[in-house]
Amino acid sequence: MSAQSSELLILQTLLDAPMASDGSPGVVSGVALARTLGISRVAIWQHLEKLREQGFTVESLHARGYRLAARPATLHATLIDAYRHPGQEAPRIHVLDTVDSTNDEASRRLAAGQPAPFAVLARRQENGRGRFGRVWHSATDGNLYASFAFKPQVEPARMQTFTLWMGVNICALVASFCRTAPGIKWPNDLLLDGRKAGGMLTEARMDADRIHDLVFGLGLNLAPPPGGWPSGLTPVATSLAEHTGRPVDANKFAAALIGRVFDAYAAFLDGSYRKKFANLWNGYDLLRGRSITLVQGNRTFSGVATGIDDEGSLLLRLADGHTDRFRAGEVTIAKK
Amino acid sequence: MKRSDLTEFAVEEEGFKLKIRRGSNGLPVVSSGGSYGGSNNPFAAYQAQAPAPAAQAAAPVAAPAPAAPAADDASIIYVKSPMVGTFYRSPSPESKSFADIGTKITETSVVCIIEAMKIMNEIQSEVKGTVLEILIENGQPVEYGQKLFKVKQG
């Protein structure tokens, strides 16, 4: 067992320890830890020192053992690993303090030859991007920026619905994790109560025959910025914490997100997603039945959204009664 | 098929499937099979039906294009769109174009982005040579297999 996995196992044991009756963190004896891991108590102590160096507060209680009194509040690679389900495949996770954009970082790592899949998470983005360099407000610690790198060896046309499929999976994750009902605004905005809480951007490199690599990026507001939203964003932005009324544990959420994204990717590649996609989409589709305006380049279309087709195109019933399908465009929902 | 009416067009090379769909009149036309007038070249049908969108949309940049869709010069090759989407010549409105007329490109050069449903697809040229023409305007929709760039190989 590597030192790293020993630390992880110790951390998981401390996290899993049943809470004491007064609500304080559970205590695990050094003897029990040593027995579980098959290493000496001195080695346990050394690993605990390593965890302390990483920002965990591990208390030693005389003659009783150890307990985890405090854990890092911001994103933390070891903690994310500890929260992940043991059965799940564990891709490499890179957690960075600050990065220009997690999508760019993932692309650079791919270009440098790092094998996929892997994930890049950041506490801060200096240059978070929406489409075409639009700046995504991201200079706060309360948010989650995650990019996932894959090398799907499939023909480009198969990836058409990828972002949409990922979007409904993120919605389902948020719904179960926060017990709140998010919605998706075609094709890539995640909304809570009509306000934007997140967005997705997939970037792929391909030629005519196949995809070389693909980076799926997600920005999600877990909490409002420390000083509140800039005044211009107040009516349009929100976060999971504001919406649910309680804080969201970024590391637990990240662990669940990583599991969900990798499962969703596998289902997408093997085709099993098709059975679930339409139902999930219909469950989270915010546009269906709404009057919307879609801007595509210099053209504007207005009508009523009626869902998506099996290729992910937005269906729009126009004023003349015809339904047209759209693969791209900026959607604005008309005021009720 | 007038450009404004063209809402969907697909060609599959292996097993040849041609799909034409017009959403605006609610009457999709779907054809498949290799029954296009004795031609055994699937792209013959494609070229016969849809050369207009690419060539006409390219008016601002294109020199008068030769009428024949087939390239007489073997060194002329086209970079085609691998998917349906929106064509962008640069990564952001303020950025430089990936490729201009005269740009020398290699097999791995990114020549454009095709966006479809928030997937920004960086398209690699697959050919080495010099860009002669850009056959479509920035921000315009493209169809599967549509010619994007005319390239002189070498």
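Note that the coordinates shown come from a computational prediction; the quantities given were computed from them, not determined experimentally.

Before going further, it helps to examine the overall build of chain A. From N to C terminus, chain A includes nine helices and 15 strands. Against the 2.2 N^0.38 benchmark of 20 Å for 336 residues, chain A shows a C-alpha radius of gyration of 22 Å, consistent with a compact globule. For chain A, the C-alpha atoms occupy an extent of roughly 80 × 45 × 35 Å along the three principal directions. Residue burial in chain A is summarised as follows: out of 336 residues, 53% are buried. At a minimum sequence separation of 6, the contacts of chain A that also span at least 24 residues come to 60%.

Attention now goes to the overall build of chain B. The helix and strand inventory of chain B stands at two helices and 11 strands. Reading the secondary structure of chain B in the N-to-C direction produces β-β-β-α-α-β-β-β-β-β-β-β-β. Put simply, chain B has 154 residues, and 47% of those count as buried. Considering only intrachain contacts with a sequence separation of at least 6, the fraction spanning at least 24 residues in chain B is 59%. Counting every atom, chain B has about 7300 Å² of accessible surface; 52% of that belongs to carbon and sulfur.

Residue and element names in this part refer to chain B. If you trace the four strands from one edge of the open sheet to the other, you get β4-β11-β9-β6, paired in antiparallel fashion. The open sheet has two free edges, formed respectively by β4 (76-80) and β6 (104-105), since each of these has just one partner strand. As judged from the five bridges shared by β4 and strand β11 (residues 147-153), these two strands associate in the antiparallel manner. Directly across from Lys-80, in β11, lies its bridge partner Lys-147.

Okay, the interface of chain B and chain A next. Each side of the interface is counted separately: chain B has 29 residues, and chain A has 37 residues. Between chain B and chain A, roughly 3000 Å² of surface is buried when both sides are summed, and carbon and sulfur atoms account for 54% of that area. Here chain B is connected to chain A by one salt bridge. Its salt-bridge partner being Arg-205 of chain A, residue Glu-122 of chain B comes within 3.5 Å of it at the nearest N-O pair. Here chain B is connected to chain A by seven residue pairs in polar contact (both at pLDDT 80 or more). For the side of chain B that touches chain A, the secondary structure elements donating two or more residues are β2 (17-21), β5 (85-88), β7 (110-116) and β8 (119-124) of chain B. Per-element accounting of the side of chain B that touches chain A gives the leading share, six residues, to β8 of chain B. Per-class residue counts for the side of chain B that touches chain A are 12 nonpolar, 10 polar and seven charged. One ladder, built from five bridges, connects strand β9 (residues 195-206) of chain A with β8 of chain B; its direction is parallel. Looking across to β8 of chain B, one finds that Ala-204 of chain A is bridged to Asn-121 of chain B.

Here helix α3 (residues 41-53) of chain A is 13 residues long and its end C-alpha atoms lie 19 Å apart, about the 18 Å a rise of 1.5 Å per residue gives. Residue Gly-55 of chain A follows α3 of chain A closely and has a positive phi angle near 105°.

A word on the side chain of Ser-313 of chain A. Relative to the elements of secondary structure, Ser-313 of chain A occurs in the loop between β12 (299-308) and β13 (314-318). Apart from the residues lying within four places of it in its own chain, the contact partners of Ser-313 of chain A are Trp-186, Gly-307, Ile-308, Arg-325, Phe-326 and Arg-327 of chain A together with Met-117 of chain B.

About the criteria used
- Residues numbered from 1 in each chain as written.
- Chains lettered and ligands numbered in written order.
- Predicted model: local features only at pLDDT ≥ 70, side-chain atom pairs only at ≥ 80, totals over all residues.
- Heavy atoms only, no water.
- Helix = DSSP H or I, 4+ residues; strand = E, 2+ residues; numbered from the N terminus.
- Rg over C-alpha atoms; globule rule 2.2 N^0.38 Å.
- Buried < 20%, exposed > 50% of the residue type's maximum accessible area, 1.4 Å probe, protein only.
- Contact = heavy atoms within 4.5 Å.
- Areas by Shrake-Rupley, 256 points an atom, 1.4 Å probe, with all protein chains shown as cover.
- Pairing = 2+ DSSP bridges.
- Buried area = accessible area lost by both parts, 1.4 Å probe.
- Salt bridge = Lys/Arg side-chain N within 4 Å of Asp/Glu carboxyl O.
- Polar contact = N/O pair within 3.5 Å; in protein donor to acceptor, adjacent residues only side chain to side chain.
- Nonpolar A, V, L, I, M, F, W, Y, C, P; charged D, E, K, R; others polar.
- Expected span 1.5 Å × (residues − 1).

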